[in-house]
Every structure is written in C-alpha cells, then in structure tokens.
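This is what each chain is made of:
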Amino acid sequence: MSSSTLYGGVSGRRVTVRDLAAAKQRGERWPMVTAYDAMTARAFDQAGIPVLLVGDSAAMVVYGHDSTLPVTVDELLSLTAAVVRGSSRALVVADLPFGSYQSSPGQALESAARFMKEAGAHAVKLEGGRRILPQVEALVSAGVPVMAHLGLTPQSVNVLGGYRVQGRGEDGEELMADAKDLERAGAFSVVLECVPADLAARVTTSLTIPTVGIGAGPGTDAQVLVWQDLMGLTPRPAAFVKQYADLAGDLDRAARAFADDVISGAFPAPEHTYR
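Residues numbered from 1 in each chain as written. Predicted model: local features only at pLDDT ≥ 70, side-chain atom pairs only at ≥ 80, totals over all residues. Heavy atoms only, no water.

**Considerations on the overall build of the chain**
Keep this limit in mind: Runs of E in the DSSP output that reach at least two residues are strands. Runs of H or I that reach at least four are helices, and both are numbered from the N terminus. Our radius of gyration looks at C-alpha atoms and nothing else; its globule reference is 2.2 Å times the residue count to the power 0.38. For every residue, the accessible area obtained with a 1.4 Å probe (protein chains only) is divided by the maximum for its type, and the residue is called buried under 20%, exposed over 50%, and partly exposed between those limits.
Per the secondary structure count, the chain includes 11 helices and eight strands. Rg of the C-alpha trace for the chain: 20 Å, near the compact-globule value of 19 Å for 275 residues, within the 12% margin. Principal-axis analysis of the C-alpha atoms places the extent of the chain at approximately 65 × 45 × 35 Å. Residues classed as buried in the chain amount to 49% of the 275 residues present.

**What about the nonpolar core?**
Inclusion rule: Among buried residues, those of type Ala, Val, Leu, Ile, Met, Phe, Trp, Tyr and Cys that are joined through side-chain atoms within 4.5 Å constitute a nonpolar core. Any two residues having at least one pair of non-hydrogen atoms within 4.5 Å are treated as being in contact.
Among the nonpolar cores identified, the biggest contains 76 residues, and Trp-30, Met-32, Leu-52, Phe-115, Val-124 and Leu-192 are the most heavily contacted of them. Among the elements that take part in this core, helix α4 (residues 73-86) stands out by supplying seven residues, more than any other. Here Trp-30 is in contact with Leu-6, Leu-20, Ala-23, Pro-50, Val-51, Pro-210, Val-212, Asp-221, Ala-222 and Gln-223, once residues within four sequence places are set aside.

**Quick word on the UniProt feature "binding site: Mg(2+)" (unreviewed entry) in the chain**
Applied cut-off: UniProt positions are given in the numbering used here, feature names are shortened, and annotations may be inferred rather than shown by experiment.
Cross-referencing UniProt, the feature "binding site: Mg(2+)" (unreviewed entry) maps to Asp-56, Asp-95 and Glu-127 in the present numbering. In summary, the annotated positions, though distributed over 72 residues, converge in three dimensions, the widest C-alpha pair being only 10.8 Å. Within the element layout of this structure, Asp-56 appears in the loop between β2 (51-54) and α3 (58-61). Excluding residues within four positions of it along the chain, Asp-56 makes contact with Thr-68, Val-71, Leu-76, Asp-95, Glu-127 and Gln-155. Along the polypeptide, Asp-95 turns up in strand β3 (residues 91-95). Not counting residues within four places of it along the chain, the set of residues in contact with Asp-95 comprises Leu-53, Val-54, Gly-55, Asp-56, Leu-76, Phe-115 and Lys-125.

**Section: the sheet that holds strand β7 (residues 211-214)**
Sheet strands pair via backbone hydrogen bonds, and the direction of the pair is either parallel or antiparallel. As a reminder of what qualifies: Strands were regarded as paired on the criterion that DSSP finds at least two bridges between them. With axes taken as lines fitted to C-alpha atoms, and helix axes fitted only over the stretch in contact, angles between N-to-C directions fall between 0 and 180 degrees.
With parallel pairing, eight strands are arranged side by side around a closed barrel as β1-β2-β3-β4-β5-β6-β7-β8. On average, each strand axis in the sheet is tilted by 25 degrees relative to the strand beside it, whichever way the strands run. Bridge count between β3 and strand β4 (residues 123-125): three bridges; the pairing is parallel. If you follow Val-93 over to β4, its bridge partner there is Ala-123.

**Describing the UniProt feature "active site" (unreviewed entry) in the chain**
Taken from the UniProt record, the annotation "active site" (unreviewed entry) applies to Glu-193. Looking at the secondary structure, you find Glu-193 in strand β6 (residues 189-193). Those residues within four positions of Glu-193 in sequence are excluded, and the remaining contacts are His-149, Leu-150, Gly-151, Leu-152, Pro-154 and Ile-214.

**Considerations on the pairing of β7**
Along a regular strand, successive side chains alternate from one face of the sheet to the other. Test applied: Place the viewer so that the strands point away; then a crossover is right-handed whenever the path from the first strand over the helix to the second strand goes clockwise.
Burial along β7 is two-sided: the residues Thr-211 and Gly-213 and Val-212 and Ile-214 are all buried. Pairing of β6 with β7, which is carried by four bridges, proceeds in the parallel orientation. Across the sheet, residue Leu-192 finds its bridge partner in β7, namely Gly-213. For the handedness criterion, the β-α-β arrangement of β6, helix α9 (residues 197-206) and β7 is classed as right-handed. Bridge count for β7 against strand β8 (residues 222-225) is two bridges, and the pairing is parallel. Looking across to β8, one finds that Gly-213 is bridged to Gln-223.

**Here's the deal with the packing of helix α6 (residues 133-141) against helix α8 (residues 170-185)**
A pair of packed helices is captured by two measures, namely the crossing angle of their axes and the spacing between those axes. Condition: Angles below 35 degrees are treated as roughly parallel, those above 145 as roughly antiparallel, those between 65 and 115 as roughly perpendicular, and all remaining angles as oblique. Crossings are assigned a handedness: left-handed for a near helix turned anticlockwise from the far helix by less than a right angle, right-handed for a clockwise turn. Here the term charged refers only to Asp, Glu, Lys and Arg, the term nonpolar to Ala, Val, Leu, Ile, Met, Phe, Trp, Tyr, Cys and Pro, and the term polar to all other amino acids, Gly among them.
Contact pair α6 / α8: the axes reach a minimum separation of 9 Å and the direction vectors enclose 25 degrees. Here α6 is positioned roughly parallel relative to α8, judged by the angle of their axes. Of the two elements, α6 crosses α8, and the hand of that crossing is right-handed. Contacts between α6 and α8 involve Leu-133, Val-136, Glu-137 and Val-140 on the former and, on the latter, Asp-181, Leu-182 and Ala-185. Its residues placed into classes, the contact of α6 with α8 shows five nonpolar, no polar and two charged.

**What about the side chain of Lys-125?**
Selection criterion: Contacts described as polar in this section are N or O atom pairs within 3.5 Å, which, within protein, must combine one atom able to donate a hydrogen with one able to accept it, while residues neighboring in sequence count only if both atoms come from side chains.
Assignment of secondary structure puts Lys-125 in strand β4. A distance of 2.7 Å separates a polar atom in the side chain of Lys-125 from a polar atom in the side chain of Asp-95. Among the polar contacts listed, one links the side chain of Lys-125 to the side chain of His-149, at a separation of 2.8 Å.

**Notes on the environment of Ala-112**
Looking at the secondary structure, you find Ala-112 in helix α5 (residues 105-118). As for Ala-112 and Val-124, which are separated by 12 residues in sequence, their C-alpha atoms are 6.7 Å apart. The contact partners of Ala-112, leaving out residues within four places of it in the chain, are Leu-96, Val-124, Leu-139 and Val-144.

Here you go:
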C-alpha cells in the first residue's frame, strides 16, 4: 500500500483535511465510520479507517432515544474524548448537536471550541445549507475545520416530515447551490445523506472538496455508515445499509453460552480461578 494512500497508508501521524483533499485530487475513495468509545475507535483505527465520526446518532445507538435531537454537548464531549484517546491515526470529526450552533456564529464557535479544546476533536460537523453559512465562515476563520451535511439532515427531521429522500426535482438544484456555497464558505467536506444517486454524483463532480455519501449512491468520494448498522447490531437498518457482520447474533450466542456455563458450574473453571 502506497504511503500516499489514505486508507491504511498514512502512518506515524493523524490524517488531516489536507490528506482528504489530496485523495479527492487522486480520485481515491475512502471510508468513514462512526465511533463512540475508545475500544471501537481503536479497532477501526487499526483497521485503517481514516476518518471517525462521533455522530449525534449517539442519541439513538448509545443513549436510546428515538431521534438525534436529545443528545447534548456534554454527552458528546465525553464520547469524542474517548474516541480521540482510543485512536492514533484517524481524523476525528465531532457532530455539533441540535441547539448548539443554530442561533448564531458565536454560539457555533463556543460549542466547537469546547470540542476542540476539551475533547481533542480535529473537526466538527454541522447540518444545513445556506442558512448556516455565517456559522461555517466564523468557524473556519477561527481555525476550526468544518464538515458540512446536506440532504436528509436528521436534526431537522420534524421540518422535513420524517426520514425521507431529499433533493428530488427542483430541490436538487437548491441542494447543489447549498453545496457550492458551503464550499466557498470554507467547508473541507460535505456529507450527502439520502439523496438521489445522480444528484450526489453531480454534486461530487462540481465540488473540489470531497463528498461523503450515506444513502447517496456510489458516485461520492467517500462513504459513511453508523458502525452498529454495518456490524449487524441495528434491528431494522435503513435500506441503504449493507451489513458486514452479525454482532447481534454473536452477542446473543455468547451471552447464552456464558449463562449456561454459570448455571451448570462449568464457569469458572480451574484455569479461571486464583490459587
């Protein structure tokens, strides 16, 4: 694997936003997954995943809520710090949760500064298009790398009327305009969630910054999934998810085997006992 390759190639230092830009110029695709704790972060980091996202999806997969809205800055700060400590190579991006950046650029900078200073995040992610351009510009001017997020923006699920495909018809041109404005504002990347594949491909070719798809077809520069979805822990994953493991089944089998051993007295055996 070439040392210039983003996946598994950069070693001895953290992946940076410049590495992502260089991968775009080379036409190199790369993976991103979510992480919320040190142990999974270490596993994904050692597997060569170049970007880890501490998503506000933690509200659902960590804290058990039915949407991303309830998670707080303080809750995500502790998770982000754990992911940073558990990794040594990956660029760690932290989601700014709902209510932590929408009111003003000043609020956005205050929230982002906490993630950078207290948790050690290397970048932050914000949802929305032209309405958050002042926030993006303020963060970039202050030295905070910003990943943007368009299409299905879960923090706006109540306005969007549910988890639905976005960007069809005339809405696609609005999304394209948003993407170009976010690039001009200084965003280093943009997530495209649940948008038609042809639109995502057009956005990707029109931008000089990399796009990250989730339910947006194969034409983006990168792909991201929630790790519990791709590893088979989510009971009913979205249609765009490919499951690469059956951890739910593995956990069930292991828990039942442990319980059986305890009940039968097979555990702890002599080799598990101090003398």
